[in-house]
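Commentary on secondary and tertiary structure
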Amino acid sequence: MKKAYLYLENGQVLEGHSFGAAGTAMGELVFTTGMTGCVESLTDPSYYGQLVVYTFPQFGNYGICHKDKESPHCQMGGVVVREYCQTPSNFRCEETVDAFLKAQNVVGIAGVDTRMLTQLLRDGGVLNAVITTEEGQPDWEALKAYRVTQSVENTSEKEVTVRMPQGEAAFSVALLDYGAKESIANSLLARGCKVTIYPYNTPAEEILAAGHHGVMLSNGPGDPADNPFCIQQIQKLFGKLPMFGICLGHQMMALAAGAKTKKLKFGHRGANQPAMDLETGEVSITSQNHGYAVDETTLAGTGGKLRFVNVNDGTCEGVDYPEFHAFSLQFHPEAHGGPLDCLTAFDRFTAMMKEGL
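Here's a quick rundown of the structure. The model shown is predicted, which means the values in this text are computed figures rather than measured ones.

Cut-offs used in this document
- Residues numbered from 1 in each chain as written.
- Predicted model: local features only at pLDDT ≥ 70, side-chain atom pairs only at ≥ 80, totals over all residues.
- Heavy atoms only, no water.
- Helix = DSSP H or I, 4+ residues; strand = E, 2+ residues; numbered from the N terminus.
- Polar contact = N/O pair within 3.5 Å; in protein donor to acceptor, adjacent residues only side chain to side chain.
- Contact = heavy atoms within 4.5 Å.
- Buried < 20%, exposed > 50% of the residue type's maximum accessible area, 1.4 Å probe, protein only.
- Pairing = 2+ DSSP bridges.
- Axes fitted to C-alpha atoms, helices over the stretch in contact; angles between N-to-C directions.
- Salt bridge = Lys/Arg side-chain N within 4 Å of Asp/Glu carboxyl O.

All right, on to the side chain of T286 then. Topologically, T286 is positioned in strand β16 (residues 283-294). Within polar-contact distance, the side chain of T286 engages the side chain of Q288 at 3.0 Å. Other than its neighbours up to four places away in sequence, T286 contacts G270, A271, N272, Q273, A275, F331, P339 and C342.

With that settled, consider unusual backbone geometry. At N105, a residue that is not glycine, the phi angle is positive and equals roughly 60°. Inspection of the secondary structure puts N105 in the loop between α2 (97-104) and β8 (107-110). A positive phi angle, near 55°, is found at H325, a position not held by glycine. Topologically, H325 is positioned in the loop between β18 (316-321) and β19 (326-329). A residue is classified by how much of its surface remains accessible, and H325, at 48% relative accessible area, is partly exposed.

With that settled, the discussion passes to helix α9 (residues 248-257). Buried residues dominate α9, accounting for 10 of its 10 residues. Among the residues making up α9, those that are buried are L248, G249, H250, Q251, M252, M253, A254, L255, A256 and A257. The first or second residue beyond α9 is G258, which carries a positive phi of 110°.

On to the sheet that holds strand β3 (residues 24-32), then. Here seven strands make up a closed barrel; going around it, the order is β1-β2-β8-β6-β4-β3-β9 and the pairing mixed. Strand-to-strand twist of the sheet, defined as the mean angle between neighbouring strand axes without regard to direction, takes the value 35°. In this structure, β3 lies alongside strand β4 (residues 50-54), joined through five bridges in parallel fashion. Within β4, the residue paired with L29 across the bridge is L51. Sheet strands in contact with α2 are β2 (13-20) and β6 (78-80), and its direction is about 90° off that of β2. Of the strands in this sheet, β1 (3-8), β2, β3, β4, β6 and β9 (127-132) touch helix α3 (residues 114-124), which is tilted by about 80° from β3.

Our focus in this paragraph is the sheet that holds β18. Reading across the sheet, the 10 strands line up as β10-β12-β11-β13-β14-β19-β18-β17-β15-β16 and stay open at both edges, with mixed pairing between neighbours. Both outer strands of the open sheet, β10 (161-163) and β16, are each paired with one neighbouring strand and no more. Put simply, the sheet's adjacent strands are angled 25° from each other on average, direction ignored. The pairing of β18 with β19 spans four bridges and is antiparallel. Looking across to β19, one finds that D320 is bridged to F327.

Looking now at the environment of F59. Topologically, F59 is positioned in strand β5 (residues 58-59). Separated by 204 residues in sequence, F59 and K263 place their C-alpha atoms 28 Å apart. Dropping the residues within four chain positions of it, F59 is found in contact with F19, C38, L42, Y54, V79, V81, E83, Y84, C85 and V97.

For the structure shown, the criterion picks out 15 salt bridges. One salt bridge connects R147 with D226, and the closest N-O pair in it is separated by 3.0 Å. Taken together, the positions of R147 in the loop between α4 (140-145) and α5 (151-155) and D226 in the loop between β13 (214-217) and α8 (228-237) put the pair 79 residues apart, joining distant regions of the chain. Since its relative accessible area comes to 38%, D226 is described here as partly exposed. Note that R307 is salt-bridged to D320, the shortest N-O span being 2.8 Å. Highlighted residues: R307 in strand β17 (residues 305-310) and D320 in strand β18, separated in sequence by 13 residues. Overall, the relative accessible area of 14% leaves R307 in the buried class.

This is the structure in structure tokens:
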């Protein structure tokens, strides 16, 4: 097998073997604890600009099923695994992970100590890294200076598209695409919503003029504070229509209300994150993929009320804005291939739209 190398910005070098495409990829090294959802995570736009360490020791053992994709392409820059499966076993399998990554021109490295890497990132925080099949040292200065930029711009739809549910539409929803997962639109369609998907840079005036019943703010990659235009449009939409935000949409909604966000040490990525509803005391297992969080100490005076917290570290997982008929969640209630404990959040959103009719 062809050799591959993983260079970390702290100077560590790991040698493994290559799978997927040959070449070089630089990005922010993060880890995910999901045991399933291989296809979904590979195509999740929230991973844009990142190299992802999979903590589960074997990767791709049920192969690739294209119907499970959350976007048309592999979004992460590179993949780091302990072992990848060359002979997947699944009646839905259409190709191997190796073949999929080659077709997507995404590099992978296998045969490295992912347990050690995970511990390193948990203890010290995320690191920049390079995966390469080439000999020779990377540009260390460029590696240390790397930052994920223009992530929303590069993952959002470029044109307005409309998707219709089966049967007559009960509601019309504007889905602002900041790097949206396919499952969000599908969850709305399943509830009888006509879904109009708008590019990230759509003015609020265009949304309001279209006569929608509600606004959905999607997930997406990167630092929420890097999107001032999007935040300004959310401010203009606040209180005009019922609004529901997920992940990056949740963070930008908080920024639009006047709160602040913060970067987490190593983020939350995986399908086993416990989130507590402060109103009921109920704990749900959730799917998450984010490196930033709303700073719950800055919600005072914004109209936002802390609703969900992460049981592991106490960080904000959801906010209600009663005066604005809006709410947001840090986790993914729609997670295809993950836990569905909080899928009723979409029912809550449709109930809000019904009240507004």
